[in-house]
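# Fold and contact review
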Amino acid sequence: MGPGLHEAAGWNVMSSTRDQARIVVSRAEEPEFAVEIGDLLAIGRSPSNGLVLDDSRVSRRHAEIRLVGEGRYRLTDLGSANGTWVNGRRCALAQDLQNGDLIQVGASILRFEGTDLPIVLSASHTSRTATQLVNQWVVVLVTDIRGYTSMSEDLPPREFSRFVKDWFRECTSLIESQGGTVDKFIGDAVLSYWPVPEQENPARQVNAALGVTRSLIAAAERFSARLSGRFAAYRFRVGVGMSMGNALVGNVGTAGQPSITIVGDSVNVAFRLEALTKEKQTAVVLTRNLTEWASADYRFDNLGQAEVKGRKKPVDIAALLPS
């Protein structure tokens, strides 16, 4: 695409060729400014950081960006209270940055500009929509913390916040290790999915998601022992809802702040089935079409049909039995 076409589309191409990668900081009603990263850029509220953000939502030592190889920079959240977000997704684990990535820390948007690569940005930084959705057959997994509201009210906020962050990191690690994608954290819930390239044979994705489900239940037991060791009256439990079907996957954000997400019937069903785990008194409820592709390692209990809010037809469901 030539320069004229970029201009016609309302986009600017900015070259980032320089000796040092940098962060460009944007805040509402304030001029942008840039900070070079060097080998390490610490970000936080404390004056000792290389990038100081005077914001009550920013922790004293919030995050860092480190040079990990030639031209490779890695972002790590340092256990911050309110989290670090990259392109609309919470950064639960350290991740390598790509040119043009948008990092949110408190009220600030930090644009990563690496070396030797072009960055494409909207010319006006307006909320120009950039919706690009693709229909995709997927396996969807939703996990949610039981009793989260009461625990968040009763337990020390900072300690419980760290505990939940550790849980989100564990979830992310387990899901990504089996080829899944963590779409987002919604309160105390984690939404994840596995794209299915061959709808006629989803066995690999189904069994990967089932394996993650077992691992999540086992991890929750370890976390429960850790929690009750500190607060004897409390237990940590999770519910899991799983479905397989069509979804729309793609960018529903803006040109200036992209947000890749998954929406559609299968996502709605997975959330509703997770909510059903309490009523059915089981840890995992899933659509029956998943059981058809499960390996012999997994056993299920047929739960019949369930009415799902927002859906005309009921869903055939089952419970995953303990191994």
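Our subject is the structure that appears above.
Now for a look at the structure at hand. The model shown is predicted, which means the values in this text are computed figures rather than measured ones.

Next up on the list: the pairing of strand β19 (residues 284-287). What you see with β19 is no split at all: Val284 and Leu286 on one side and Val285 and Thr287 on the other are buried throughout. Relative to strand β21 (residues 315-320), β19 runs antiparallel, the two being bridged by three bridges. Within the sheet, the bridge partner assigned to Leu286 lies in β21 and is Ala318.

Quick look at helix α3 (residues 157-177) now. Between its terminal C-alpha atoms α3 stretches 30 Å, which fits the 30 Å expected from 21 residues at 1.5 Å a residue. When we look at burial in α3, the residues that qualify are Phe160, Phe163, Val164, Lys165, Trp167, Phe168, Cys171, Thr172, Leu174 and Ile175. One or two residues past the end of α3 sits Gly179, with phi positive at roughly 80 degrees.

In terms of nonpolar packing, the biggest core is built from 42 residues, with Val139, Trp167, Trp194, Leu210, Phe236 and Met242 touching the most fellow members. Breaking this core down by element, the ones donating at least two residues are β14 (132-145), α3, β15 (181-186), β16 (189-195), α4 (203-230), β17 (238-251) and β19. For this core, the element with the highest residue contribution is α4, accounting for ten residues. Ignoring anything within four residues of it in the chain, the contact list for Trp167 reads Ile145, Leu216, Ala219, Ala220, Phe223, Phe236 and Val238. Counting residues in each nonpolar core, the second largest holds 21 residues, with Val35, Ile43, Ala63 and Cys91 among its members.

Once that is clear, we can look at the sheet that holds strand β12 (residues 108-113). Strands sit in the order β3-β2-β12-β11-β8-β9 across an open sheet of six strands; the sheet is antiparallel. In this open sheet, the two edge strands, each paired with only one partner strand, are β3 (30-36) and β9 (89-90).

We now examine the pattern of salt bridges. For the coordinates displayed, the defined rule picks out 13 salt bridges. One salt bridge in this structure joins Asp77 and Arg169, with 3.6 Å as the shortest N-O distance. Separated by 92 residues along the polypeptide, Asp77 in strand β7 (residues 72-77) and Arg169 in helix α3 bring together distant segments of the chain. Between Asp183 and Lys184 there is a salt bridge, and its shortest N-O distance comes to 2.5 Å. Judged by relative accessible area, Asp183 falls into the buried class, the value being 1%. Several salt bridges converge on common partners, so that one network encompasses Arg22, Glu32, Arg111 and Glu113.

Cut-off values and rules
- Residues numbered from 1 in each chain as written.
- Predicted model: local features only at pLDDT ≥ 70, side-chain atom pairs only at ≥ 80, totals over all residues.
- Heavy atoms only, no water.
- Buried < 20%, exposed > 50% of the residue type's maximum accessible area, 1.4 Å probe, protein only.
- Helix = DSSP H or I, 4+ residues; strand = E, 2+ residues; numbered from the N terminus.
- Pairing = 2+ DSSP bridges.
- Expected span 1.5 Å × (residues − 1).
- Core = buried A, V, L, I, M, F, W, Y, C linked by side-chain atoms within 4.5 Å.
- Contact = heavy atoms within 4.5 Å.
- Salt bridge = Lys/Arg side-chain N within 4 Å of Asp/Glu carboxyl O.

Honestly, that's just the spatial picture; any functional story needs more than this.
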